[in-house]
Amino acid sequence: MKLLMGSDHGGIHLKKHLAEYLKAKGYEIIDVGTDSEASCDYPDFAAKLCGEIGKGTATKGILVCGTGIGISIAANKCKGIRAAVCNDVYNAKMSRLHNDANVLCMGERTIGVGTAELIVDTWLNTEFEGGRHARRIDKIMALEK
Ligand code: RB5
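To start, this report covers the structure provided alongside it. It should be emphasised that the depicted structure is a prediction, and the values quoted were computed from it without experimental measurement.

Contact pair helix α1 (residues 12-23) / helix α5 (residues 113-124): the axes reach a minimum separation of 11 Å and the direction vectors enclose 55°. As summarised for this structure, α1 and α5 are arranged oblique, according to the angle between their axes. Pair α1 / α5 crosses with right-handed handedness. When α1 is examined against α5, the residues L14, H17, L18, Y21 and L22 are found in contact with a partner set consisting of V113, A116, E117, V120, D121 and L124.

The next subject is the packing of helix α4 (residues 89-97) against α5. Relative orientation of the contacting elements α4 and α5 amounts to 20°, with a least axis distance of 8 Å. As summarised for this structure, α4 and α5 are arranged roughly parallel, according to the angle between their axes. Where α4 crosses over α5, the handedness of that crossing is right-handed. Counted together, V89, A92, K93, S95 and R96 of α4 and L118, I119, T122 and W123 of α5 form the full contact between these two elements. In terms of residue class, the contact of α4 with α5 is made up of five nonpolar, two polar and two charged.

What follows is about the pairing of strand β3 (residues 61-65). Judged by how many residues are buried, β3 sits mostly within the fold: five of five residues are covered. Neither face of β3 is left uncovered, since the one carrying G61, L63 and C65 and the one carrying I62 and V64 both have all their residues buried. By the bridge criterion, four bridges tie strand β1 (residues 2-7) to β3 in an arrangement that is parallel. Residue M5 lies in a different strand from β3, and its bridge partner there is I62. As paired elements, β3 and strand β5 (residues 103-107) share five bridges and run parallel to each other. Residue V64 lies in a different strand from β5, and its bridge partner there is M106.

Moving on, we come to the side chain of S95. In this structure, S95 sits in helix α4. A distance of 3.0 Å separates a polar atom in the side chain of S95 from the backbone oxygen of A92. Those residues in contact with S95 that sit more than four places away from it in its chain are A84, C86, D100, A101 and W123.

Mapped onto the fold, G107 is located in strand β5. A sequence separation of 21 residues divides G107 from C86, and the C-alpha atoms of the two residues are 8.5 Å apart. Setting aside residues no more than four positions away along its own chain, G107 makes contact with L14, C65, G66, T67, G68 and N87.

For the rest of this paragraph, the subject is the nonpolar core. Formed by 23 residues in total, the largest nonpolar core has its most connected members in L18, L22, I62, L104, M106 and V120. Elements with a contribution of two residues or more to this core: β1, α1, β3, β5 and α5. Not counting residues up to four positions away in its chain, the partners in contact with I62 are L3, L4, M5, G6, L22, L49, L104, M106, V120 and W123. Grouped together as the second largest cluster of nonpolar side chains are 17 residues, V32, L49, A74 and V103 included.

Attention shifts here to the site of the ligand. Every residue lining the ligand is accounted for by D8, H9, Y42, C65, G66, T67, G70 and R109. The separation between an oxygen atom of the ligand and a polar side-chain atom of D8 is 2.6 Å. Within the shell around the ligand, the residues separate by chemical class into two nonpolar, four polar and two charged.

Rules behind the numbers
- Residues numbered from 1 in each chain as written.
- Predicted model: local features only at pLDDT ≥ 70, side-chain atom pairs only at ≥ 80, totals over all residues.
- Heavy atoms only, no water.
- Axes fitted to C-alpha atoms, helices over the stretch in contact; angles between N-to-C directions.
- Helix = DSSP H or I, 4+ residues; strand = E, 2+ residues; numbered from the N terminus.
- Parallel < 35°, antiparallel > 145°, perpendicular 65-115°, else oblique.
- Left-handed = near helix turned anticlockwise from the far one by under 90°.
- Contact = heavy atoms within 4.5 Å.
- Nonpolar A, V, L, I, M, F, W, Y, C, P; charged D, E, K, R; others polar.
- Buried < 20%, exposed > 50% of the residue type's maximum accessible area, 1.4 Å probe, protein only.
- Pairing = 2+ DSSP bridges.
- Polar contact = N/O pair within 3.5 Å; in protein donor to acceptor, adjacent residues only side chain to side chain.
- Core = buried A, V, L, I, M, F, W, Y, C linked by side-chain atoms within 4.5 Å.
- Near = heavy atom within 4 Å.

Take it as geometry only, folks, not as evidence of what the structure does.
Written out as structure tokens, the structure reads:
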């Protein structure tokens, strides 16, 4: 499965760790940057990753910044994106089950790598429940219009 990943400087170490972790599990990782520890602006990388989802490069992506907050706010401005900040496993599960999140955001300064690994495993392996939640997602997506 193809998976997009992106971060700013505040999330680059966790992103690189998770990229290797997921590659070892067979995922094809497409990293949209940033590639260095130099200070940069997280909206640029949120926009890049979400643009690739819009083009159909992959259906899901993972974004990391210092907290996960800024990069998720930026991602949620992009068409077709449902980005969720999940710095714990319960929220990771619920963001897929009930919210059909297509972008997972985490904070490198908020969580450790062990928690982050469990979060991505949970998020990537949980399917959207549909049913009454589908009606709510339709209403969220209608807000873009
Ligand atoms: C960068 O210093 C930091 O503000 C950013 O990574 C993120 O935490 C913003 O929400």
